[in-house]
Each structure stands twice: as C-alpha cells, then as structure tokens.
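Architecture at a glance
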Amino acid sequence: AGYLSISALTKKYKNTPVAAVDRVSLKVDEGDFLALLGPSGCGKTTTLRMIAGLIEPTSGSIHVQGKDITKTPVHKRSIGMVFQNYALFPHLDVKSNVAYGLKMRHVPKTEIALRVQNVLDLVRLGHLADRRVTALSGGQQQRVALARAIVVNPQLFLMDEPLSNLDAKLRDAMRTEIRSIQRKMGITSVFVTHDQDEALTMADKIAVMSEGVLEQFGTPSDIFERP
Ligand code: ADP
Ligand code: ADP
C-alpha cells in the first residue's frame, strides 16, 4: 500500500501546451523522508501543492494511509507546510505564529500554551517565545516556520525549498536539525529541492523529476551509486 501513494498524478495548467506534472506515481512508507529533486521548472512545487491541496490535479490520485485525499479541501487535510519565504505573520510574536493553527482548530488555550512551548523547545526557540518574528534572524524565522507546521501533528510534513534563503553554513546545520526533528516525530515528509547534495544527505527516498516526468525513484544509493 504505502503511507503516501501518488498515482498517475498530472497537472496541466490552463493555456499551457504541456503538463507541468505528467503521470507521476510513487509510494513511500510511514515516517519516510521523501525528496522531490530536479531543476527549476521540472514540476516539484506543483507536485507538492497538489499534495497540500493548494491546487487541484488535472487527473490522478493521492492516497494517505489508504484514503484518497485528492478531493479533500485544503483545510480538511492533515498537513503542515513550510514555504521558501516562511510566510510568517510579521506583526505577531513567535508563540502566536506557532499557535495559529491550533487556534484555528479550536484547541483549548491551556493545551495550546503547552504544545507551543514543547515544539518551541524542540526547535530550540523556547527562550524567544515572546519576540516578534521580524526581530529574528533568518535561521530563527525558519525554525518558527518549522514549529508552526509540526505543532498540529499533521499526517504529512511538506517543505518547499525551506533552506534556500539561508547561508551555506546555516543550511548545513539545518539539514541535520530538520532530519532530527522529523525522525523524533516519525512524521512522513516531502521535501522539495534542486540541490542534489541536499537530497542525498537528507532523504530516505528520492524522486528525480525532469520536465514534469518522474525520471528515477529510489533510495539515495539506488540513485547515486549505480554500477
Ligand atoms: P519547480 O518547482 O520544479 O521549479 P513548478 O512546479 O513551479 O516547478 O513549475 C513546473 C512548470 O509549470 C513550469 O514550466 C512552470 O512555469 C509551470 N507553472 C507553474 N505554475 C504555473 C501556473 N500557475 N500557471 C502556468 N504554469 C505554471
Ligand atoms: P519556484 O520557486 O517554485 O520555481 P516560481 O518562481 O517558478 O517558483 O513561481 C512563482 C509563482 O509563479 C508560483 O506561484 C507559480 O505557480 C507561478 N508561476 C510559475 N510559472 C508560471 C507560469 N508559467 N505562468 C503562471 N504562473 C506561473
């Protein structure tokens, strides 16, 4: 079966001659970290947005834990997402940014406070809970975005090039940190990158895309250590 199972997933944008994503099929197990790898324009973000429910597939299906979520609206999907530009609320402090999704779900206040504090400790931002996000460094803002995505305990953790706005040194540190948090939570994750080294060092499974098509799929050693 596979925890996340994508079948013949296709997206053709209006008024474009070719499909941005063309019959992509793959399966990953629960707790796997999947990297969508390929050059700019190959369809990675489109694939991720279909999994998130932000755009509707032209055809094909997406199953999570055996359930077809293809027609499930975005707010009913159990998804935590991190965007390239973090998309935080600049006028709110760290804890309010992280609490947002829990408030939307009408979680009781005392539980919100507890869960926010726990997840901020996990991303090592416990001491900055009251600070405005505009007064944080890029790396710290990135950690707030991670915390906000995982605090709701989603079925899937989706990340769209989350490290591309960080300098090289911080980027390396955050690779390790994201993997460590992801393993601790055991959360099935999809990570978009154009960086082969990033995919190789972070992922359990790599989907190599080219011009909308899935070119290769397997473990890092399947893909990079061919005879
Ligand atoms: P990647 O994330 O790999 O850079 P995208 O999924 O963003 O690729 O884009 C895949 C293809 O779809 C590209 O050719 C891009 O120009 C096109 N595309 C993306 N978004 C739209 C859109 N909203 N309308 C039309 N074409 C789009
Ligand atoms: P990415 O960093 O994912 O490659 P882009 O810079 O390609 O993003 O795209 C930024 C935004 O523009 C996205 O919302 C995408 O859907 C949209 N977009 C990309 N290509 C096209 C296109 N050919 N026509 C219309 N919208 C597009």
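Residues numbered from 1 in each chain as written. Chains lettered and ligands numbered in written order. Predicted model: local features only at pLDDT ≥ 70, side-chain atom pairs only at ≥ 80, totals over all residues. Heavy atoms only, no water.

Of note, Ala87 is situated in the loop between β6 (79-82) and α2 (94-104). Residue Ala87 is classed as partly exposed on the basis of its relative accessible area, which comes to 36%. Separated by 58 residues in sequence, Ala87 and Ala145 have C-alpha atoms that sit 7.7 Å apart. (Helix = DSSP H or I, 4+ residues; strand = E, 2+ residues; numbered from the N terminus. Buried < 20%, exposed > 50% of the residue type's maximum accessible area, 1.4 Å probe, protein only.)

Here we take up the site of ligand 1. Contacts to ligand 1 come from Tyr13, Ala20, Pro39, Ser40, Gly41, Cys42, Gly43, Lys44, Thr45 and Thr46. One of the backbone N or O atoms of Gly43 is found 3.1 Å from an oxygen atom in ligand 1. Contact between ligand 1 and Thr46: an oxygen atom at 2.5 Å from a side-chain N or O atom of the residue. Surface burial for ligand 1 is 57%, taken as the share of its 560 Å² of free accessible area covered by protein chains. A class-by-class count of the residues in the shell around ligand 1 yields 4 nonpolar, 5 polar and 1 charged. (Near = heavy atom within 4 Å. Polar contact = N/O pair within 3.5 Å; in protein donor to acceptor, adjacent residues only side chain to side chain. Areas by Shrake-Rupley, 256 points an atom, 1.4 Å probe, with all protein chains shown as cover. Nonpolar A, V, L, I, M, F, W, Y, C, P; charged D, E, K, R; others polar.)

All chains considered together, the criterion is met by 11 salt bridges. A salt bridge links Asp93 to Lys95; the nearest nitrogen and oxygen atoms lie 2.8 Å apart. Overall, Asp93 belongs to the buried group, its relative accessible area being 15%. Exposure remark for Lys95: the relative accessible area of 33% places this residue in the partly exposed category. Its salt-bridge partner being Glu111, residue Arg115 comes within 3.0 Å of it at the nearest N-O pair. Of this pair, Arg115 and Glu111 both sit in helix α3 (residues 109-122), 4 residues apart, which is roughly one turn of that helix. Linked through salt bridges whose partners overlap, the residues forming this network are Asp172, Arg175, Asp195 and Asp197. (Salt bridge = Lys/Arg side-chain N within 4 Å of Asp/Glu carboxyl O.)

What follows is about α2. For α2, the set of buried residues is Val94, Asn97, Val98, Ala99, Gly101 and Leu102. As for α2, its buried residues are in contact with α3 and α4 (138-150). Once α2 finishes, His106 follows within two positions and takes phi at roughly 55°, a positive value. (Contact = heavy atoms within 4.5 Å.)

A few words on the sheet that holds strand β9 (residues 205-210). In spatial order, the strands read β6-β7-β8-β3-β9-β10; together these 6 strands make up an open sheet with mixed pairing. Both edges of this open sheet fall to β6 and β10 (213-218), since each of them pairs with a single strand only. With direction set aside, neighbouring strand axes in the sheet form an average angle of 15°. As paired strands, strand β7 (residues 156-160) and strand β8 (residues 188-193) are joined by 5 bridges and run parallel to one another. Pairing of Leu156 across the sheet is with Thr188, part of β8. Packed onto the sheet, helix α1 (residues 44-52) meets β3 (33-37), β6, β7, β8 and β9 and runs at close to 150° relative to β7. (Pairing = 2+ DSSP bridges. Axes fitted to C-alpha atoms, helices over the stretch in contact; angles between N-to-C directions.)

Let us look at the pairing of β8. Counting buried positions over the 6 residues of β8 gives 6, a clear majority of the element. The two faces of β8 match: Thr188, Val190 and Val192 on one face and Ser189, Phe191 and Thr193 on the other face are all buried. Two elements, β3 and β8, share 5 bridges in a ladder whose sense is parallel. Its bridge partner being in β8, Leu37 is matched across the sheet by Thr193. Read as a crossover between parallel neighbours, the route from β7 over helix α5 (residues 168-185) to β8 is right-handed. (Right-handed = clockwise from strand over helix to strand, strands pointing away.)

Around ligand 2 sit Thr45, Arg49 and Gln84, and those are all the residues in its vicinity. At a separation of 3.0 Å, an oxygen atom of ligand 2 approaches a polar side-chain atom of Thr45. At 3.0 Å from an oxygen atom of ligand 2 is found a side-chain nitrogen or oxygen belonging to Arg49.

With respect to the helices and strands, the residue Ser164 is situated in the loop between β7 and α5. The class of Ser164 is partly exposed, set by a relative accessible area of 29%. Placed 51 residues apart in sequence, Ser164 and Glu215 show a C-alpha to C-alpha distance of 23 Å. Not counting residues up to four positions away in its chain, the partners in contact with Ser164 are Gln84 and Arg171.

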